[in-house]
Every structure is written in structure tokens, then in C-alpha cells.
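A closer look at the structure
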Amino acid sequence: MPADCLFCRIAAGEIPATRVHEDDTIVAIRDVNPQAPTHILLMPIAHIGSAADLTAADAPLLGRLFATAAELARSEGLDNGWRLVANVGPEGGQTVPHLHLHLLGGRSMHWPPG
Ligand code: 5GP
Ligand code: ZN
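Residues numbered from 1 in each chain as written. Chains lettered and ligands numbered in written order. Predicted model: local features only at pLDDT ≥ 70, side-chain atom pairs only at ≥ 80, totals over all residues. Heavy atoms only, no water.

Before going further, it helps to spend a moment on the site of ligand 1. Close to ligand 1 lie 16 residues, the nearest being R30, D31, N87, T95 and H102. A distance of 2.7 Å is found between an oxygen atom of ligand 1 and a backbone nitrogen or oxygen belonging to T95. Contact between ligand 1 and V96: an oxygen atom at 2.9 Å from a main-chain N or O atom of the residue. (Near = heavy atom within 4 Å. Polar contact = N/O pair within 3.5 Å; in protein donor to acceptor, adjacent residues only side chain to side chain.)

In C-alpha cells, the structure reads:
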């Protein structure tokens, strides 16, 4: 794991976060600066820089990330819909270079995003 990666350190428990899910592959935490009533970050424990680094071999991991997002959306009561976002690179708005999905819900979402 890269020693200076914030989300590697959060996933390893070295930096505190409010965890809403944890298994052998995935950790999900509440975003420290929420942009919606529900704002959860889902990430693999193993370091992957961004979606730009994914290959077909990561299909099982992505399936688990999406299925976990759907479970969390249910448990958060997001029955009217929700949004999953993966920011990639500087122009994509990515600020933490460890792959994560934003699960946003609890308010109406707008399109296109900023
Ligand atoms: P990105 O901009 O890379 O797509 O998303 C990074 C997200 O991580 C942002 O929404 C930001 O608020 C969140 N974040 C940054 N630092 C921390 C932290 O230390 N703890 C938690 N829980 N979230 C963080
Ligand atoms: Zn990392």
C-alpha cells in the first residue's frame, strides 16, 4: 500500500472514519464533507489509483462494489433513487487518488453535474 495514500490508511484503520460497511475486499465510509443527506464512499481495500487503472480482471471487484452500494442505498432508505459517481483524474474532479464510488442520495439530483 502506498504509505501516503489517505484511503489506504483509512481502509487499514490508521485514520478514523465512520464505517458503514466492511468486508474482506471493500470498506465504505461516510464522506467527511457530505454533498447530500446520504454521502458514502465505497472503496477497495487494495490500492487502485482510479477507474483509469481498472482492467477486465477487476470485474468481480466492481460487481461487489455496485452490489454493496445497492445494499447501502436500501439500508439508508433511498427508495426514490440515488446516484453513484466515480471521479477520475484532475479534470474529472478526483481529489483522492484511490478508487472510490460516491453513493449520494436523500435529495433530488441535477443533471448535468458541475
Ligand atoms: P474525490 O474528489 O476524489 O472524488 O472524492 C474524495 C472525497 O473524499 C471527497 O468527497 C471528500 O470530502 C472526501 N474526503 C477527503 N478526505 C476525507 C477524510 O479524511 N475522511 C472522509 N471520511 N472523507 C474524506
Ligand atoms: Zn490507496
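Four donors placed tetrahedrally about a metal ideally form angles of 109.5 degrees, and six donors placed octahedrally ideally form angles of 90 or 180 degrees. For the zinc ion (ligand 2), the full set of protein donor atoms is C5 (SG), C8 (SG), H47 (ND1) and H98 (ND1), at a range of 2.0 to 2.3 Å. When the donors of the zinc ion (ligand 2) are listed by position in the chain, the intervening gaps give C-x2-C-x38-H-x50-H. Here the residue H47 occupies a position in the loop between β3 (38–44) and α2 (59–75), and H98 occupies one in the loop between β4 (82–85) and β5 (101–105), the gap between them amounting to 51 residues. (Donors = N, O, S within 2.8 Å, 3.2 Å for Na, K, Ca; no water. Helix = DSSP H or I, 4+ residues; strand = E, 2+ residues; numbered from the N terminus.)

Our next topic: the pattern of salt bridges. Between side chains of opposite charge, a pair can form when the charged atoms approach closely. Going through the model one piece at a time under the given rule, you end up with five salt bridges. For D23, the salt bridge goes to R64, with nearest N and O atoms at 3.6 Å. With a gap of 41 residues between them, D23 in the loop between β1 (19–22) and β2 (26–30) and R64 in helix α2 connect regions that are remote in the sequence. What makes D23 partly exposed here is its relative accessible area of 24%. On the basis of relative accessible area, R64 is assigned to the partly exposed category, the value being 35%. Each of D23, D24 and R64 takes part in a single network of salt bridges with overlapping partners. (Salt bridge = Lys/Arg side-chain N within 4 Å of Asp/Glu carboxyl O. Buried < 20%, exposed > 50% of the residue type's maximum accessible area, 1.4 Å probe, protein only.)

Mapping D24 onto the fold places it in the loop between β1 and β2. Overall, D24 belongs to the exposed group, its relative accessible area being 64%. In this structure, the C-alpha to C-alpha distance between D24 and H47, residues 23 residues apart in sequence, is 14 Å. Excluding residues that lie within four positions of it along the chain, D24 makes contacts with I45 and R64. Of note is the side chain of D24, whose polar atom sits 3.0 Å from the side chain of T25. Here R64 takes part through its side chain, which lies 2.8 Å from a polar atom of the side chain of D24. (Contact = heavy atoms within 4.5 Å.)

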